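Letter by letter, the chains look like this.
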Amino acid sequence: MAHKNAKMRFVQAGAMALSLLVTGSAYSQQQNFNTLEAAKNGWSAEQNRSASWYLAQHKKLSTAINALQPQRPGVVDAYVVSIGLDSDAVFARESAEAAKILSRRYGAVGRTVHLTAGGDDKATGAPQGSPANLATALAAIANKMDTKEDVLVLFATSHGDPVSGLAYRDGENAAGMIAPQRLTNLLDGVGFKRRMVLLSACYSGIFIPLLTNDQTIIVTAASSQRPSFGCAPGNDWTFFGDALMNNALRKPQKFDAAVAEAFGLITQWEGTLELKPSRPQVFVGENARIWLELLENKMPMTASAKVGRPAISTD
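Residues numbered from 1 in each chain as written. Predicted model: local features only at pLDDT ≥ 70, side-chain atom pairs only at ≥ 80, totals over all residues. Heavy atoms only, no water.

## Overview of the overall build of the protein chain
Line of reasoning, step 1. When helices and strands are counted, the protein chain shows 12 helices and 10 strands.
Line of reasoning, step 2. Relative to its 315 residues, the protein chain shows a buried fraction of 54%.
Line of reasoning, step 3. With an accessible surface of roughly 13100 Å², the protein chain has 53% of that area assigned to carbon and sulfur atoms. (Helix = DSSP H or I, 4+ residues; strand = E, 2+ residues; numbered from the N terminus. Buried < 20%, exposed > 50% of the residue type's maximum accessible area, 1.4 Å probe, protein only. Areas by Shrake-Rupley, 256 points an atom, 1.4 Å probe, with all protein chains shown as cover.)

So this is what it looks like as structure tokens:
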């Protein structure tokens with residue numbers, strides 16, 4: 001279920017990074033700091049990072065970008081970005097497996113980038129799941145693909161806030177936030193028209209109004225007014241990740257059926273634990289079904305095996 005300290009940690013992370021401003025003459029700047037405006041601008045901060053850490057991150061991200069295969073003219077190629085924005089281990093596990101599932105389903109092997117906070121974790125070796133690395137990866141993919149023909153599939157998992165959007169946190173070393181306006185600006189700024197955005201976070205429904213267009217598909221773990229569940233650090237999956245990724249999208253079934261299955265599982269699990277419904281959301285743009293059908297016609301005809309412990313049994 002929703003980790004009871006998630007919101008507290010989000011606030012503490014923001015306060016920690018905000019405190020970086022409260023030094024000497026920067027104190028006057030702190031007086032005007034506005035969390036919502038900062039989130040809209042994709043604000044983030046790093047501290048206590050060594051020069052070697054930054055170099056290692058640069059190399060990891062460069063390697064991931066350079067490994068991306070070019071798009072194929074006349075073929076609708078999917079490019080996948082899967083990012084865990086918080087260093088709680090559940091988000092690293094979920095984002096890593098989601099990258100594999102989406103890559104397999106949409107034929108994006110060689111066209112997938114995985115990012116995760118705590119990216120120097122030996123278990124993943126992934127570049128840091130930070131707002132800055134996300135922006136760089138998106139721009140790199142836009143340069144590889146034909147944005148009029150190909151599709152971006154973005155999966156993001158983290159804690160969420162009903163005002164500021166997605167939280168970025170790496171222990172005591174980093175904090176930040178990505179609001180709907182910032183994510184919209186990132187995607188629109190590099191020309192992504194055909195896009196599938198899957199958001200596993202509390203209150204993630206706040207992203208729907210700004211991200212929608214006739215070429216976009218959006219699925220969120222909760223409405224703009226509700227938390228989602230399963231984000232305890234020891235879990236392998238959140239409820240949303242387990243239902244949509246580990247169950248529904250592994251199967252050779254159409255997208256609508258997969259979403260219906262996932263939402264049904266979430267409702268069942270929440271009912272079993274007597275939780276207030278998270279009310280996951282889905283939006284499918286009118287013209288998005290054109291590229292979605294082309295991608296799904298090529299999906300594997302066999303299901304892949306589920307991994308990890310069910311979210312409902314580990315929280």
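## Focus: the pattern of salt bridges
Line of reasoning, step 1. Counting across every chain of the model gives 14 salt bridges.
Line of reasoning, step 2. The closest approach of N and O atoms between D86 and R169, which form a salt bridge, is 3.0 Å. Placement of D86 in the loop between β2 (78-84) and α5 (89-105) and of R169 in strand β6 (residues 165-170) is noted, with a sequence separation of 83 residues between them. For the pair formed by D86 and R169, the shared burial category is buried. (Salt bridge = Lys/Arg side-chain N within 4 Å of Asp/Glu carboxyl O.)

## So, empty space enclosed by the protein
Line of reasoning, step 1. Using the criterion set out here, one finds 3 cavities of 30 Å³ or more in the structure.
Line of reasoning, step 2. Roughly 60 Å³ of internal volume is contained in the largest cavity.
Line of reasoning, step 3. Every residue lining the largest cavity is counted, 13 residues in all, and those nearest its centre are S158, A201, C202, S228 and C231.
Line of reasoning, step 4. When its residues are assigned to classes, the lining of the largest cavity shows 7 nonpolar, 6 polar and no charged. (1 Å grid on protein atoms, 1.4 Å probe; cavity = no way out; pocket = protein on both sides within 12 Å on 5 of 7 lines; lining within 4 Å. Points joined across faces, edges and corners; volume = space filled by probe spheres on them. Nonpolar A, V, L, I, M, F, W, Y, C, P; charged D, E, K, R; others polar.)

## Comments concerning the packing of aromatic side chains
The geometry of an aromatic ring pair comes down to the distance between the two centres and the angle between the two planes.
Line of reasoning, step 1. The tally for this structure, following the rule as stated, stands at 3 aromatic pairs.
Line of reasoning, step 2. Residues F229 and F239 carry aromatic rings whose centres are separated by 6.1 Å and whose planes lie at 55 degrees to one another, so their mutual orientation is tilted. Linking F229 in the loop between β9 (216-220) and α9 (239-247) with F239 in helix α9, this pair joins segments that are 10 residues apart in sequence.
Line of reasoning, step 3. Between the aromatic rings of F239 and W269, the centroid separation amounts to 5.6 Å while the plane-to-plane angle is 75 degrees, which identifies the pairing as edge-to-face. Here W269 lies in helix α10 (residues 255-272) and F239 lies in helix α9, a separation of 30 residues in the sequence. Grouping residues by exposure puts F239 and W269 together as buried.
Line of reasoning, step 4. One aromatic cluster is present, formed by F229, F239 and W269 through successive ring pairs.
Line of reasoning, step 5. When the ring centre of W53 is taken as origin, the NZ or CZ atom of R49, which lies over that ring, is 4.0 Å away. (Phe/Tyr/Trp six-rings, centres within 6.5 Å; stacked < 30°, edge-to-face > 60°. Lys NZ or Arg CZ within 6 Å of the ring centre and 35° of its normal.)

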